[in-house]
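These are the residues of each chain, in order.
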Amino acid sequence: MGRIFSGIQPTGDLHLGNYLGAIRNWVKLQDQYKNLFCLVDLHALTTLPNPQDMTKWTREVAAAYIAAGIDSAKSIIFSQSAVPAHSELAWILSCLTPLGWLNRMTQFKEKAGKHREKANLGLYAYPVLMAADILIYRATHVPVGEDQKQHLELARDIAGAFNRQYGKDYFELPEPLILKTAARVMSLRDGTSKMSKSDPSDYSRLHFMDDPDTIALKIRKAKTDPDPITGTPQTMENRPEALNLLGIYAALSDITLEEACRIFEGASFSAFKKSLADQIISIMDPIRQEMLALLKDPGNLDRILQKGAEEANTLASQHLREIKEIIGFLRT
Ligand code: AQP
């Protein structure tokens, strides 16, 4: 059985993009692979959230995983910071990673923006920690969206560099798992930029915790254009907002974008938006209700994470022992 590692940063309220692009697909992988689903709080630290938010968002992401169908009896759910081997391996791997490789990472350039000199070292080294996250469990597969492809490539290069340096095929190169069902969701205000936790506008995204009235309002306010919906995606090529909304409807209904266009051909956006809001509410509101119930008992959530951390630590510490032996560290 293959092994999967994946995670989400607790850096804010989760949104529909995180659901359709990641969590919903992970649920389906649970019977095919051994899965580790992490709350990557060490990565989140690169944005320096205040401690209250870090705690709140970590529990919320855990609750979202479970409410959406990740089963802690089948999958390991845990916080990255509870497994010290991630940080230890990240240091080891950083000594094998040429700066030139990191300089090519587009996400660092995007996130650091114009103030590169002020960006923290953690943000720059983020892909090395991500390589450690994957390699410490000797994961065979990593579900990736477009935005993470380059980081996974780097993880494979770093694994190869370790194997070459020590003349041993210790790390199998992790394979990307491109999921056909993973949908890229764009901002409700701008169909050309992705829905994101860090977008300053609340109206750009739908949160897991939005109640039905808020969902309906945000969909009513979502940017569209004055033309009616046409029958194919090709005839709507230059209408990114319209295609994004139809794409969301299609993903939630398990149909293709072509089918969604056919169903709503000729419809006005006000009619389509009503159907879309109903569809979102019918899927996301039961998840919200379950999250609310889970968040009422933080002690129980913490126990689930504690159990996950123990399982993850058992796997990770065994591998770290082997890695240290290969390197020649003294076993004291
Ligand atoms: N808009 C999206 N559409 C599809 N998938 C998405 N993901 C994020 N946004 C979309 C997927 O969610 C997973 C976890 O993402 P993350 O929190 O680790 O970081 P991110 O990709 O940087 O997510 P955000 O929401 O954009 O956060 P910020 O604003 O903090 O950077 C990943 O699998 C990602 O592909």
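Owing to the predicted nature of the structure, the values given are computational and were not obtained by experimental measurement.

About the thresholds
- Residues numbered from 1 in each chain as written.
- Predicted model: local features only at pLDDT ≥ 70, side-chain atom pairs only at ≥ 80, totals over all residues.
- Heavy atoms only, no water.
- Helix = DSSP H or I, 4+ residues; strand = E, 2+ residues; numbered from the N terminus.
- Rg over C-alpha atoms; globule rule 2.2 N^0.38 Å.
- Buried < 20%, exposed > 50% of the residue type's maximum accessible area, 1.4 Å probe, protein only.
- Contact = heavy atoms within 4.5 Å.
- Areas by Shrake-Rupley, 256 points an atom, 1.4 Å probe, with all protein chains shown as cover.
- Lys, Arg positive; Asp, Glu negative; His and termini not counted.
- Charge placed at Lys NZ, Arg CZ, Asp CG, Glu CD.
- 1 Å grid on protein atoms, 1.4 Å probe; cavity = no way out; pocket = protein on both sides within 12 Å on 5 of 7 lines; lining within 4 Å.
- Points joined across faces, edges and corners; volume = space filled by probe spheres on them.
- Nonpolar A, V, L, I, M, F, W, Y, C, P; charged D, E, K, R; others polar.
- Expected span 1.5 Å × (residues − 1).
- Bend = angle between axes of the 7 residues up to and from the residue.
- Salt bridge = Lys/Arg side-chain N within 4 Å of Asp/Glu carboxyl O.

Participant: Any details on the overall build of the protein? Residues and values, ideally.
Facilitator: Helix and strand counts for the protein stand at 13 helices and 5 strands. Whereas a compact globule of 332 residues would reach a radius of gyration of roughly 20 Å, the protein reaches 21 Å, a difference of no more than 12%. Across its three principal axes, the protein shows a C-alpha extent of roughly 70 × 45 × 40 Å. Across the 332 residues that make up the protein, the buried fraction comes to 50%. Partitioning the contacts of the protein with sequence separation of at least 6, the portion at a separation of at least 24 is 75%. Of the roughly 15,900 Å² that the protein leaves accessible, carbon and sulfur atoms contribute 53%. Side-chain charges of the protein comprise 39 positive and 40 negative groups, with the mean position of each set lying 3 Å from the other.

Participant: Summarise the layout of surface pockets; cite the residues concerned and give the values.
Facilitator: Of the volumes computed, that of the second largest pocket is approximately 450 Å³. Looking at the second largest pocket, it is lined by 19 residues, and the ones nearest its centre are Ala90, Leu121, Gly122, Ala125 and Tyr126. Residue assignment for the lining of the second largest pocket shows that the elements contributing at least two residues are helix 2 (41-44), helix 4 (85-94), helix 5 (99-103) and helix 7 (121-135). It is helix 7 that provides the largest number of residues to the lining of the second largest pocket, a total of 7 residues. Here the residues of the lining of the second largest pocket are counted per class, giving 12 nonpolar, 7 polar and no charged.

Participant: Tell me what's going on with helix 1 (residues 16-29), and back it up with residues and numbers.
Facilitator: Taking 1.5 Å per residue, 14 residues should reach 20 Å; helix 1 reaches 19 Å between its end C-alpha atoms and fits that length. The largest bend in helix 1 amounts to roughly 35° and is located at Ala22. In terms of residue burial, helix 1 counts as a mostly covered element, since 11 of its 14 residues are buried. Of the positions making up helix 1, those classed as buried are Leu16, Gly17, Asn18, Tyr19, Leu20, Ala22, Ile23, Arg24, Asn25, Trp26 and Leu29.

Participant: Lay out the pattern of salt bridges with the relevant residues and their values.
Facilitator: Inspection of the entire model under this criterion finds 15 salt bridges. For Lys307, the salt bridge goes to Glu311, with nearest N and O atoms at 3.4 Å. Of this pair, Lys307 and Glu311 are both found in helix 13 (residues 298-327), 4 residues apart, which corresponds to roughly one turn of the helix. Since its relative accessible area comes to 36%, Lys307 is described here as partly exposed.

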